[in-house]
Amino acid sequence: MSKEVRVRFAPSPTGALHIGGVRTALYNYLFARKNGGKFLLRIEDTDQNRYVPGAEDYIKNSLDWIGISPDESPWTPGDCGPYRQSERKTMYMEYAQYLLEKGHAYYAFDTSEELEAMRQRLTAARVVSPQYNSITRTQMKNSLTLPADEVKARLDSGEPYVIRIKIPRKEEVRLNDMVRGWVLVHSNSLDDKVLMKSDGMPTYHLANIVDDHLMGITHVIRGEEWLPSAPLHVLLYRYLGWEDSMPEFAHLPLLLKPDGNGKLSKRDAEKHGFPIFPLEWKDPQSGDMVAGFKEAGYLPEAFLNFIAFLGWNPGDQRELFTLEELIAAFSIERIGKSGTKFDINKAKWYNEQYLRHKSDRELAAYLLADLEKERMTLSTEKAEKIASVMKERATFPSDLWNEGKFMLVAPDTFDQQVAEKRWNQDAIAVLKAFRNHLQDETEPLSAESAKSMLAAAAASEDIKLGKVMQAVRLAVTGVGAGPDLMQIFEILGREELIKRIDFALHTLGNQ
Ligand code: GLU
């Protein structure tokens, strides 16, 4: 039997989770579910300087919102805990020691001034990317250049040091990425990355490899920005003796700006006025608040469907997928290599689709909640009717109230342009006749009875109804376009309708 699939999402709690991070989490989740495996969440908080309070909760809440909670995490631990790297601190040194013993790592004592001097020296010599590597390390203060007794003395005296990986000078490192195919890197382009920092904390690279191994991770699915680190990771697996159980890699395509030029950033979101975070985020330092997709009115199922398609497609025309359907359809083979343009209109389209799938009752609840904020009350029955009329035209739940306000509050102004074009003798005559029909009627108004009364009114004046329809709409709603007018009449009811017609005749002129 093949090994159980175990994948992980490994965010660093350095702020709000960007939409790209949520997509990474989703693809991991889908892959795990599809293969009957486990989805883990590991908090990579080895860089204490970048730790932002609240970020962990934010990650958790974001995943919960779209229904992809991890099987194992700091909040729901399994057998491979702790799931926070800061709590695993003592585990890493052992592996760094092993690498030292095997000659794949070394101590380095260089001060930051010395490192800076090296960079300046190399820059002056026109080296494009000055690095601590297989060539420069021979001129630095480390256990490869210093005599053994001096190294020992420095360590014994408690002098600060880091442990670096010793990258071989001439070696080809290969890895077969599930998305990109074979990736080949020459070791002379790699630098001797720090594995253990002077504060005793591991760096991302060491901690990530050790944890993926100890947690039994079988597939590493992560953003393309980590592809340059992958050869180093392959070497670490090899040097730690874990090459046989090395996970497979899948690097996900970048999310691009709406125009396709470059990586999507927070600034693009600000510039174009769309959200980039799943949930609202308050920066604990500046106090700045940024709205998320949720607060902007996106439904979790629409957001989920939208991000699923940022880099993946099912290979056919289908676009609407529930989480269950995504699990069934998902495969890494169908993840694209090239970056995906971020198109907020697509997100809106998804929202409209999911909004229309909701029952009038569910939609009425949104409307009633908005009304409560306005200190207005309305019967559920009426709220459902309004929801039913408005849903074809709404992108967000808040549109039910914002765009449907006219059904509850009579207009006090009229669209000037429409009035100039459409308000005329014919319209006035039909509206007056319609008003009289309404007054004579005793039955409650329905869309059908309103329709026949209006038709009768136009016929009695010998006027084609089509010619005055927009003026009738203007009189009742204040604007020239909107949902089905007869439905609106039914919702308004006889008395309100008469009141509105009278006000329009009075304001716009009645002769
Ligand atoms: N901690 C890394 C991040 O913040 C994880 C990268 C990986 O998945 O290996 O994205």
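See the structure shown above.
Keep in mind it's a predicted model, so treat the numbers as computed, not measured.

Peer 1: Go over the pairing of strand E8 (residues 219-223), please, and point to the residues and values.
Peer 2: Most of E8 is tucked away, with 5 of its 5 residues classed as buried. The parallel pair E8 and strand E9 (residues 248-252) is bridged by helix H7 (residues 230-239), and the resulting crossover is right-handed.

Peer 1: How would you explain the site of the ligand if you had to name every residue and give the values?
Peer 2: Every residue close to the ligand is listed here: Arg8, Ala10, Ser12, Glu44, Tyr204, Asn208, Arg222 and Trp226. Within the side chain of arginine 8, a nitrogen or oxygen atom sits 2.7 Å from an oxygen atom of the ligand. Contact distances for the ligand include 2.6 Å between a nitrogen atom and a side-chain N or O atom of glutamate 44. Computed on the free molecule, the ligand has an accessible area of 300 Å², of which 84% lies beneath the protein chains in the complex. More than half of the atoms of the ligand fall within 2 Å of the grid points belonging to the largest pocket. Here the residues of the shell around the ligand sort into 3 nonpolar, 2 polar and 3 charged.

Peer 1: Account for the packing of helix H6 (residues 204-214) against H7, with residues named and values stated.
Peer 2: The interhelical angle for the contact between H6 and H7, taken along N-to-C directions, is 55 degrees, at an axis separation of 10 Å. As the angle between them shows, H6 and H7 are arranged oblique. The two elements H6 and H7 meet at a crossing, and its hand is right-handed. Residues Tyr204, His205, Leu206, Asn208, Ile209 and Asp212 of H6 touch H7, and the partners they reach there are Leu232, His233, Leu236 and Tyr237. Taken together, the residues of the contact of H6 with H7 break down into 6 nonpolar, 3 polar and 1 charged.

Peer 1: Could you give me a rundown of unusual backbone geometry, with the residues and numbers involved?
Peer 2: The step from glycine 81 to proline 82 runs through a cis peptide bond, and the omega angle for that step is -10 degrees. Locating proline 82 in the fold gives a position in the loop between helix H2 (55-66) and helix H3 (89-101). One non-glycine residue, arginine 126, lies in the positive phi region at around 65 degrees. Its place among the elements puts arginine 126 in the loop between helix H4 (112-124) and helix H5 (148-156). Backbone geometry at aspartate 462 places phi at a positive 55 degrees, although glycine is not the residue there. As for its position among the elements, aspartate 462 is in the loop between helix H17 (447-460) and helix H18 (465-477).

Peer 1: Could you give an account of helix H9 (residues 300-308), naming the residues involved and the relevant values?
Peer 2: In terms of burial, H9 is a largely internal element, 7 of the 9 residues being buried. Within H9 the residues assigned to the buried category are Ala302, Phe303, Leu304, Asn305, Phe306, Ile307 and Ala308. Tucked into the core, H9 has its buried residues touching helix H1 (19-34), H2, helix H10 (323-329) and helix H11 (344-357).

Peer 1: Account for the packing of aromatic side chains, naming residues and giving values.
Peer 2: Under the definition given, this model contains 22 aromatic pairs. Measuring from ring centre to ring centre gives 5.8 Å for phenylalanine 309 and phenylalanine 321, while their planes differ by 50 degrees; the resulting arrangement is tilted. Residue phenylalanine 309 is found in the loop between H9 and H10, and its partner phenylalanine 321 is found in the loop between H9 and H10; the two are separated by 12 residues along the sequence. Comparing phenylalanine 309 with phenylalanine 321 shows no difference in burial state: the two are buried. Here a set of aromatic residues connected by ring pairs shows up, and it is made of Trp65, Phe274, Phe293, Tyr298, Phe303, Phe306, Phe342 and Phe396. The ring of tryptophan 349 carries the charged tip of lysine 346 above its face, separated from the ring centre by 4.5 Å.

Conventions used here
- Along each chain, residue indices are assigned from 1 in the same order as the chain's sequence is written.
- Residues qualify for local features only when their pLDDT is at least 70, as the model is predicted, and side-chain atom pairs are given and counted only at 80 or more; totals for whole chains, interfaces and linings, by contrast, use all residues.
- Heavy atoms from the whole structure form the basis of all side-chain values; hydrogens and water molecules are not counted.
- Exposed residues in this analysis have more than 50% of their type's maximum accessible area, buried residues have under 20%, and partly exposed residues fall in between, with area computed by a 1.4 Å probe over protein chains only.
- By definition, any uninterrupted DSSP run of H or I lasting at least four residues is a helix, any uninterrupted run of E lasting at least two residues is a strand, and each is numbered from the N terminus.
- Seen with its strands pointing away from the viewer, a crossover is right-handed when the path leading from the first strand over the helix to the second is clockwise.
- A molecule or strand has a residue near it when one of that residue's heavy atoms lies within 4 Å.
- Between N or O atoms, a polar contact is any pair within 3.5 Å; within protein, one atom must be a potential hydrogen donor and the other a potential acceptor, and residues adjacent in sequence are included only when both atoms are from side chains.
- Note on areas: Shrake-Rupley with a 1.4 Å probe; residue coverage comes only from the protein chains shown.
- Space inside and on the surface of the protein is sampled on a 1 Å grid over the protein atoms alone, with a cavity defined as a set of points where a 1.4 Å probe fits but cannot get out and a pocket as an open set with protein on both sides within 12 Å along at least 5 of 7 lines; lining residues have an atom within 4 Å of a point.
- To decide whether a molecule occupies a pocket or cavity, check its atoms: if more than half lie within 2 Å of the grid points, it is inside.
- Residues are grouped as follows: Ala, Val, Leu, Ile, Met, Phe, Trp, Tyr, Cys and Pro are nonpolar; Asp, Glu, Lys and Arg are charged; every other residue, Gly included, is polar.
- Only the contacting stretch of a helix is used when fitting its axis, a line to C-alpha atoms as for every element, and angles between N-to-C directions run 0 to 180 degrees.
- Any angle that falls under 35 degrees is termed roughly parallel, while one over 145 is termed roughly antiparallel, one within 65 to 115 roughly perpendicular, and all others oblique.
- Crossing handedness is defined as follows: a turn of the near helix away from the far one that is anticlockwise and smaller than a right angle gives a left-handed crossing, while the clockwise case is right-handed.
- Should any heavy atoms of two residues lie within 4.5 Å, those residues are considered in contact.
- Stacked, edge-to-face and tilted labels apply to pairs of Phe, Tyr and Trp rings (six-membered ring for Trp) whose centres lie within 6.5 Å, assigned for plane angles under 30 degrees, over 60, and everything in between, in that order.
- Criterion for a charge above a ring: Arg CZ or Lys NZ at most 6 Å from the ring centre, at most 35 degrees from the ring normal.

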